[in-house]
Amino acid sequence: MITLHLNHGNSHEGVYLRLPATPGEVGEAYALLETLESGPVSVFDATCAVRNLDQYVRNVVLDSDGKLDTLQHIALNMEEMSPNERKVFAGALDSESINGLDDVLKVSNNLDQYLMIHDVTNDRELGKFLVDCGYGDFPERVRPFLNYAAIGAEYYAERGGAYTADGYVLRKQSVQEQNEKDGAVFRLFLRTENYQTLQLSLPALEEELDRAKEILDVDDFAQCSIERIDCIPYLAEMIPNECITVEAANDLACGIDDLHQRDGELMKYLSALEVEQPENFIQAYHLMLNLDDYERVPSSAEEYGKMVLIRHGADDEVINALEGYTNFEQLGEDAMIEDGVRKTEFGLVRRLSYPFPEETQSMQMGGM
C-alpha cells in the first residue's frame, strides 16, 4: 500500500520497496542499496493511495528507532481501509499536529474517531451546511442575508479539522460535544441520490422533520441513505445501526430524552442494553418500550436481601425485628443468583418477567 523510494540520502539513485513487505523483501532491498553507496537509509519519496502521506514519510531515516516497523504497521492499517476511509485518513493527518511517524500511526490506529462531512470544502460551504442542519437557529427569512463564510469560519476555529477536496474532516468528539450542547441524542448524516446532504439532530418535532425533507427535496426519508450516526456517550457502542430509520431514531431519541428526566431510568436502559445486546436498532427501540420489565438492584447484597423480604410482604418493623438475627447478606447473595441479577458497567440489573440465564462463568456476588 506504500511504495518507498529508498536511498542513502545523497543521490536520486536508490531502490523501491513496497510495504507491507516480508523480511526477505526488506533484506533484498537493503542488499541492493549496499551495492550503490553507504550510509544511513532514508526515504527519498513515497507513493500511495493517501494523497498527502508522502509529506510525512519523505526524508525519514530508517536506520533508527524502528521506523521501518512503524511504516509497516501504517501500511497494514491502510490495507484494511476502504477508499472513503483513506480520504478520511488524509484529512485527519492534515487536521492534527503530526510530529513524526508515531503520530501518523496513531491517527491510522484511531481512524474511527474521525468523520468526514462530504462535499464541504471551504468555510462558506460549511456555514451553509451548518445552517441547513439547524445550527444557530436562524429564521428562514434571514438566511438570504447570512454570511455563511463567517459562520463556517467560526465553527472551524472552535473545532479545528481540515478541508479536503472530498469534504471536511474533524474529530467525532467535536460533534459529540455539540450534540451535548444542543441536547441532541442522535445526529444523523443524510444523503440523497442527488448528493444533497443534511445533518439532522434528534429528537426533532414533526415540523422539523418536514423541513428536513424539504431541504433534501424528498417525500420520504427512505429516499435518503444514513451515512453516519453520532450520539451521546455510551449509546454509540451499545446500539447497533442495522435496521435504523430516521423515524425509529427519532422515536428512540424522544424516549431517551424522556429517560433523562426520570431519575435512574437512563442508567437502567444502559444496563439492560449491556446485558441484552440487541442485534439491531429496532430491538434496541423495543427494549426501551419494555423498560418496565427491568429493575435496578442495590449493589449491596445485604440491601438486596432486605429488598427481597419486602417483596414478600415484610415491612420496616419486621426488618428491624430481624436485624441481628438474620444473615441478610447471604440471603441477598442467594436471591441474586436465583433472580438472575447481572452486573454491568452501569450497576446491577434484573429482568422481572423471567430471570436472565446464568452466565457461563459464575457470578462473584461478593464483589458486586
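Since the model is a prediction, treat every value here as computed from it, not as a measurement.

Enquirer: Which parts of the structure should I look at to understand unusual backbone geometry?
Expert: For residues other than glycine, phi is negative in most cases, and the peptide bonds are mostly trans. Pro20 follows Leu19 through a cis peptide bond whose omega is 0°. Topologically, Pro20 is positioned in the loop between β2 (15-19) and α1 (23-34). In the segment running from Leu202 into Pro203, the intervening peptide bond is cis, with an omega of 10°. By secondary structure assignment, the location of Pro203 is in the loop between β8 (197-202) and α9 (206-216). Residue Gln277 is not a glycine yet carries a positive backbone phi of 45°. Mapped onto the elements of the fold, Gln277 is located in the loop between α12 (265-276) and α13 (281-289).

Enquirer: Can you walk me through the confidence of the model for the protein chain in this structure?
Expert: When pLDDT is low, close inspection of the predicted coordinates is not appropriate. Per-residue pLDDT for the protein chain has a mean of 84; in total, 92% of the residues score no lower than 70. Taken element by element, the predicted model of the protein chain shows its lowest mean pLDDT in helix α8 (residues 172-182) (57) and its highest in α13 (93). The low-confidence segment residues 360-368, where pLDDT is below 50, has 15 contacts with residues more than four positions distant or belonging to other chains.

Enquirer: Help me understand the sheet that holds β8, please; the structure alone is not making it clear to me.
Expert: Strand pairs in the sheet, formed through backbone hydrogen bonds, run parallel or antiparallel to each other. With respect to topology, three strands assemble into an open sheet ordered β8-β7-β9, the strand pairing being antiparallel. The outermost strands of the open sheet, each flanked by one partner alone, are β8 and β9 (224-231). Across the sheet, the mean angle from the axis of one strand to that of its neighbour is 20°, orientation sign disregarded. Pairing between strand β7 (residues 186-192) and β8: six bridges, direction antiparallel. Opposite Arg187, over in β8, you have Ser201 as the bridge partner. Against the sheet, α9 touches β7, β8 and β9, its axis set at about 170° to β8.

Enquirer: Explain the packing of aromatic side chains here, please?
Expert: Following the criterion strictly, the structure yields five aromatic pairs and no others. Residues Tyr156 and Tyr168 carry aromatic rings whose centres are separated by 5.9 Å and whose planes lie at 35° to one another, so their mutual orientation is tilted. Residue Tyr156 is found in helix α7 (residues 148-159), and its partner Tyr168 is found in strand β6 (residues 167-171); the two are separated by twelve residues along the sequence. Put simply, the rings of Tyr156, Tyr163 and Tyr168 touch in pairs and so form one group of aromatic residues. Above the plane of the ring of Tyr155 lies Arg159, whose end atom (NZ or CZ) is 4.1 Å from the centre. If you follow Arg351 out to its NZ or CZ, it ends over the ring of Tyr354, 4.0 Å from the centre.

Enquirer: Just to check I follow, could you spell out the pattern of salt bridges for this structure?
Expert: A side chain with one charge may pair with a side chain of the opposite charge, provided their charged atoms come close. As enumerated under the stated definition, the model contains 14 salt bridges in all. Residues Asp94 and Arg51 are paired through a salt bridge, measuring 2.8 Å at the closest nitrogen-oxygen approach. Placement of Asp94 in helix α4 (residues 83-95) and of Arg51 in the loop between β3 (42-48) and α2 (53-57) is noted, with a sequence separation of 43 residues between them. Judged by relative accessible area, Asp94 falls into the partly exposed class, the value being 33%. A salt bridge links Glu227 to Arg191, with the nearest nitrogen and oxygen atoms 2.8 Å apart. Taken as a pair, Glu227 in strand β9 and Arg191 in strand β7 lie far apart in primary sequence, 36 residues in all. Residue classification places Glu227 among the partly exposed residues on the basis of a relative accessible area of 40%.

Enquirer: What am I meant to see in the nonpolar core here?
Expert: Among the nonpolar cores identified, the biggest contains 44 residues, and Phe186, Leu235 and Tyr269 are the most heavily contacted of them. If you list the elements that add at least two residues to this core, you get β7, β8, α9, β9, α10 (235-238), α11 (246-260), α12 and α13. Of all the elements, α11 adds the most residues to this core, at seven residues. Once residues lying within four places of it in the same chain are set aside, the contact partners of Tyr269 are Leu235, Ile239, Leu252, Ile256, Leu259, Ala284, Tyr285, Leu287, Met288 and Leu291. Among the nonpolar cores identified, the runner-up in size contains 40 residues, and Val15, Val43, Tyr56 and Ala90 belong to it.

About the criteria used
Residues numbered from 1 in each chain as written. Predicted model: local features only at pLDDT ≥ 70, side-chain atom pairs only at ≥ 80, totals over all residues. Heavy atoms only, no water. Helix = DSSP H or I, 4+ residues; strand = E, 2+ residues; numbered from the N terminus. pLDDT = per-residue confidence, 0-100. Contact = heavy atoms within 4.5 Å. Pairing = 2+ DSSP bridges. Axes fitted to C-alpha atoms, helices over the stretch in contact; angles between N-to-C directions. Phe/Tyr/Trp six-rings, centres within 6.5 Å; stacked < 30°, edge-to-face > 60°. Lys NZ or Arg CZ within 6 Å of the ring centre and 35° of its normal. Salt bridge = Lys/Arg side-chain N within 4 Å of Asp/Glu carboxyl O. Buried < 20%, exposed > 50% of the residue type's maximum accessible area, 1.4 Å probe, protein only. Core = buried A, V, L, I, M, F, W, Y, C linked by side-chain atoms within 4.5 Å.

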